[in-house]
Amino acid sequence: MIRKTPFALVLALALTSLAPAASAACSVELQGNDAMKFNLANIDVSKKCVTFEIKLRHTGKMARNVMGHNVVVSRSADMAAINADGIKAGLATEYIKPGDPRVIAHSKVIGGGENTSFVIPVGKLNAANGPYSFFCSFPGHAALMKGTITLKP
Ligand code: CO
């Protein structure tokens, strides 16, 4: 018995550490900074997730009207047009043209020190219609602030 206790304890700790990892598979934290950069160049999205949450954290200090960041998810082929219409729409609508059907999901625009999150309905991502991307639609940011979304089994 005295030898079984440590093993049981190790097993319990191992299972405890696995639990958060399993639930974290349907979400990711993405950081944006004052240097107009995201910390991720790709986000893997498992098709097993019904929704996939992106938690955006602005690690900088600059205001949302100066160095604001959002996250827009769309087909890569639609990025440029969404971005052009978003710039015209302005900050009042989060640099997204209201009701833009090309936008699969998006967050609001945040400034330094702020957080936000949104979910992607994973059923709207179909490998045959991809590839998909994420980007910031704040004017001038998408050239640097963009990445790929990779659908995983
Ligand atoms: Co930005």
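Everything quoted here is computed from the prediction, not taken from an experiment. (Residues numbered from 1 in each chain as written. Predicted model: local features only at pLDDT ≥ 70, side-chain atom pairs only at ≥ 80, totals over all residues. Heavy atoms only, no water.)

The five strands lie next to each other as β2-β8-β7-β4-β5, forming an open sheet whose pairing is mixed. Whereas interior strands pair on both sides, the edge strands pair on one side only; in this sheet they are β2 (42-46) and β5 (105-106). For strand β7 (residues 132-135) and strand β8 (residues 146-152), the ladder comprises four bridges, and the chain directions are antiparallel. By the bridge assignment, phenylalanine 135 is partnered in β8 with lysine 146. (Pairing = 2+ DSSP bridges. Helix = DSSP H or I, 4+ residues; strand = E, 2+ residues; numbered from the N terminus.)

Here we take up the side chain of serine 74. Structurally, serine 74 is set in strand β4 (residues 72-75). The class of serine 74 is buried, set by a relative accessible area of 0%. Excluding residues that lie within four positions of it along the chain, serine 74 makes contacts with Met79, Ile82, Arg102, Ile104, Tyr132, Ser133 and Phe135. (Buried < 20%, exposed > 50% of the residue type's maximum accessible area, 1.4 Å probe, protein only. Contact = heavy atoms within 4.5 Å.)

By themselves, these observations are geometric and do not establish any function.
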